[in-house]
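Chain and residue survey
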Amino acid sequence: MHLRNALLMAALLVAGLAGGTARAEGEAAGEFDYYVLSLSWSPTWCALEGDARGSPQCDAGAGFGWVLHGLWPQYETGWPSYCPTSARSPSRAQTAAMADIMGTSGLAWHQWKKHGRCTGLEAGDYFALARRAYERVRRPEVIRKLGKPVRLPAAVVEEAFLKANPGLSPDMLTITCKAGRIQEARQCLTRMLEPRRCGADVVRDCTMPDALLAPVD
């Protein structure tokens with residue numbers, strides 16, 4: 001019976017590796033291939049999570065559109081997370097200083113803990129790099145100027161980003177959806193923050209023909 005169980009577990013492990021990306025936690029800091037810059041559409045996050053949490057990001061008139069979800073170290077397949085590091089945790093002042101582009105200081109802290117430590121950088125340097133990456137990408141004004149909710153193919157949002165950023169090609173950017181809504185725009189960058197091709201596990205565009213895109217409040 002023990003041998004049969006062991007064989008079954010081995011078979012399941014092989015099947016899992018063949019069918020998707022195997023992920024672990026606690027990888028070595030600083031060892032990765034490229035970055036994913038993730039921009040979250042704030043009205044979607046607020047509708048699905050933030051409003052229920054009473055997040056200040058979702059207050060009436062807060063005016064958040066594309067916020068910085070994170071700058072994520074990435075392997076060609078898969079990604080590291082929660083890496084051990086000797087770098088000091090960010091101060092409250094450092095995380096609070098990121099709220100203007102991340103919505104809240106709490107998100108900045110979480111992103112450092114899960115992803116920032118894997119860069120091998122000090123917290124201040126990681127946040128500075130993330131801000132620089134965020135400022136380099138042009139967020140399409142046409143999307144921010146929406147006056148009412150619309151349903152549209154996710155590909156239209158990608159096209160808007162490509163038009164606003166002529167140096168990008170479709171394999172450098174992906175648009176994700178969640179619960180029938182436009183969720184995030186994710187751009188792939190070299191370690192020097194230059195646009196590059198995304199790995200096969202990242203460049204999986206949302207194919208919805210009628211994703212909901214709510215306007216900025």
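Preceding this section is the structure that the text describes.
Residues numbered from 1 in each chain as written. Predicted model: local features only at pLDDT ≥ 70, side-chain atom pairs only at ≥ 80, totals over all residues. Heavy atoms only, no water.

**Some words on the overall build of the protein**
Under the convention used in this document: Per the convention used, a helix needs a DSSP run of H or I reaching at least four residues, while a strand needs a run of E reaching at least two, with both numbered from the N terminus. With a 1.4 Å probe rolled over the protein chains alone, any residue whose accessible area is under 20% of its type maximum counts as buried; one over 50% counts as exposed, and the rest are partly exposed. When checking whether two residues touch, look at their non-hydrogen atoms; a contact exists if any pair is within 4.5 Å.
A tally of regular secondary structure across the protein gives eight helices and six strands. In the protein, the succession of helices and strands from N to C terminus is α-β-α-β-α-α-α-α-α-β-α-β-β-β. Within the span of the protein, comprising 217 residues, buried residues form 43% of the whole. Across the protein, contacts joining residues at least 24 apart in sequence account for 77% of those joining residues at least 6 apart.

**A look at the environment of Gln111**
Within the fold, Gln111 resides in helix α5 (residues 105–114). Judged by relative accessible area, Gln111 falls into the buried class, the value being 2%. Each C-alpha atom of the pair Gln111 and Tyr82 lies 9.7 Å from the other, and the pair is 29 residues apart in sequence. Apart from residues lying up to four places away in sequence, Gln111 is in contact with His69, Gly70, Trp72, Met102, Gly116 and Tyr126.

**Topic: the packing of aromatic side chains**
Using the following cut-off: A pair of aromatic rings is counted whenever rings of Phe, Tyr or Trp (Trp by its six-membered ring) have centres within 6.5 Å, and the orientation is called stacked for planes under 30 degrees apart, edge-to-face for over 60 and tilted otherwise.
Scanning the model with the defined rule gives five aromatic pairs in all. Their ring planes at 55° and their centres at 6.1 Å tell us that Trp112 and Tyr126 sit as a pair that is tilted. Of this pair, Trp112 sits in helix α5 while Tyr126 is found in helix α6 (residues 123–136), placing the two residues 14 residues apart along the sequence. Each member of the pair Trp112 and Tyr126 is classed as buried. Considering the side-chain rings of Tyr126 and Phe127, the 5.6 Å spacing of their centres and the 50° angle between planes classify their relative orientation as tilted. Taken individually, Tyr126 and Phe127 each receive the classification buried, so the pair is uniform in this respect.

**Details of unusual backbone geometry**
Despite not being glycine, Tyr82 has its phi angle at roughly 50°, a positive value. Along the chain, Tyr82 falls in the loop between β2 (66–74) and α3 (92–96). Owing to a relative accessible area of 28%, Tyr82 belongs among the partly exposed residues under this scheme. The backbone phi angle of Ala179 is positive, close to 55°, even though this residue is not glycine. Relative to the helices and strands, Ala179 resides in the loop between β4 (173–178) and β5 (181–189).

**Looking at the environment of Ala62**
As for its position among the elements, Ala62 is in the loop between α2 (42–53) and β2. With 155 residues separating them along the chain, Ala62 and Asp217 place their C-alpha atoms 6.9 Å apart.

**Digging into the nonpolar core**
One recurring pattern in soluble globular proteins: nonpolar side chains tend to sit buried together. Short version of the rule: Residues belong to one nonpolar core when they are buried, are Ala, Val, Leu, Ile, Met, Phe, Trp, Tyr or Cys, and are joined through side-chain atoms within 4.5 Å.
Judged by nonpolar contacts, the single largest core of 41 residues is most densely connected at Trp66, Leu68, Leu71, Phe161 and Ile182. The element best represented in this core is α6, accounting for seven residues. Beyond its immediate stretch of four places on either side in the chain, Phe161 contacts Leu39, Trp66, Val137, Arg138, Arg139, Pro140, Leu173, Ile175 and Ala185. Tyr34, Trp72, Cys188 and Val202 belong to the second largest nonpolar core, which has six residues in total.

Geometric values such as these leave the question of function open.
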